[in-house]
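# Per-entry structural report
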Amino acid sequence: MYKCTIPNKKMNLVIDQGNSSAKVAVFQEDKMVFFQKYEHFSEKEADELRLTYNYKRAIRSSVKGDDIALYDYMQERMEKWVVLTNETCIPIGNLYKTPNTLGRDRIAVCVGANYLQPNQNLLVIDAGTAITYDVVNSQNQYVGGNISLGIEMRRKALHTFTAKLPLVDVPDDVPLIGTTTEEAISSGVINGISGEINSYIEEFSKIYPNLLVFLTGGSSKCFERRIKSRIFAVENLVQIGLNRILNYR
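Residues numbered from 1 in each chain as written. Predicted model: local features only at pLDDT ≥ 70, side-chain atom pairs only at ≥ 80, totals over all residues. Heavy atoms only, no water.

## Description of the pattern of salt bridges
For the record, the criterion: In the sections that follow, a salt bridge refers to a side-chain nitrogen of Lys or Arg positioned within 4 Å of a carboxyl oxygen of Asp or Glu. Strands are runs of DSSP state E lasting at least two residues, helices are runs of H or I lasting at least four, and both sets are numbered from the N terminus onward.
If you walk through the whole model with that rule in mind, you get 8 salt bridges. E203 is the partner of K206 in a salt bridge, and the nearest nitrogen-oxygen pair spans 3.2 Å. Here the residue K206 and the residue E203 both occupy positions in helix 5 (residues 181-207), the gap between them amounting to 3 residues, near one helical turn.

## Comments concerning the layout of surface pockets
Regions of empty space are outlined by a rolling probe, equal in size to a water molecule, passed over the atoms. Counted only if it meets this: Space inside and on the surface of the protein is sampled on a 1 Å grid over the protein atoms alone, with a cavity defined as a set of points where a 1.4 Å probe fits but cannot get out and a pocket as an open set with protein on both sides within 12 Å along at least 5 of 7 lines; lining residues have an atom within 4 Å of a point. Grid points are joined across faces, edges and corners, and a volume is the space filled by probe spheres set on the points. Note on residue categories: nonpolar means Ala, Val, Leu, Ile, Met, Phe, Trp, Tyr, Cys or Pro, charged means Asp, Glu, Lys or Arg, and polar means any other residue, Gly included.
A volume near 990 Å³ is recorded for the largest pocket. Contributing to the lining of the largest pocket are 32 residues, with K23, D126, G128, T129 and G218 lying nearest its centre. The set of elements that each furnish at least two residues to the lining of the largest pocket consists of strand 2 (11-17), strand 4 (31-38), helix 3 (104-116), strand 9 (130-136), strand 11 (212-216) and helix 6 (237-247). Taken together, the residues that form the lining of the largest pocket break down as 8 nonpolar, 15 polar and 9 charged.

## Quick notes on the packing of helix 3 against helix 6
Note the threshold: Only the contacting stretch of a helix is used when fitting its axis, a line to C-alpha atoms as for every element, and angles between N-to-C directions run 0 to 180 degrees. When describing relative orientation, an angle under 35 degrees is termed roughly parallel and one over 145 degrees roughly antiparallel, while 65 to 115 degrees is termed roughly perpendicular and anything else oblique. Contacts were defined at the residue level, with two residues in contact if any of their heavy atoms lie within 4.5 Å.
Remark: helix 3 packs on helix 6, axes separated minimally by 7 Å, with the N-to-C direction vectors making an angle of 80°. Classified by the angle between their axes, helix 3 and helix 6 sit roughly perpendicular to one another. Within the contact between the two elements, helix 3 uses D105, A108, V109, V111, G112, A113, Y115 and L116 and helix 6 uses L237, V238, I240, G241, L242, R244 and I245. Here the contact of helix 3 with helix 6 is built from residues that sort into 11 nonpolar, 2 polar and 2 charged.

Okay, structure coming up:
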């Protein structure tokens, strides 16, 4: 848990609801003053945070749909309450052909990266359960991107869809060449993803000059030192993007 006690001023609550947990932050303008993961973030936890930070504005992004009780709580108490959808006004253009299918986390990290580096060609890599590669051009437009398997999905797939390969824990430090089956799996997963990342950076840089690369997500630390290009490693890029969307208009 990250928490900074400061006088109550104008605050924003940011809720990023994932499949297994909710990542919740409080911002004072552009500064994150609180961050914590919750197994379930309900109106009870929202009320407890409101007593400490007296926030009046909030935004929620979710992959699990609406939480009616939390929605009603926020709707009654907030000066501004935003549930992120494909129809929400955002501070960058969106060139995606099917915006209704675009993951909320994908657009949030791109808004966050664009806020930190506006008017630049950006590649935003979010290394989580899945790995997403998303491009924002120097005209501040979301172009599109790709979705690939993350560490957990790769190691589980190798075990599930083969007869004899074990389910192994994948450490951060792996050899280039595995000398046991466990090492071969770990090396294949980590070095395979690293090669994929570096290849995407190289290919996208041919299309988008002076490409700046952002890396975020729960597995990002595994790849920071394996990326050949200069990167911006930003841990809370989704939260930064959601706060920017909340402050927009």
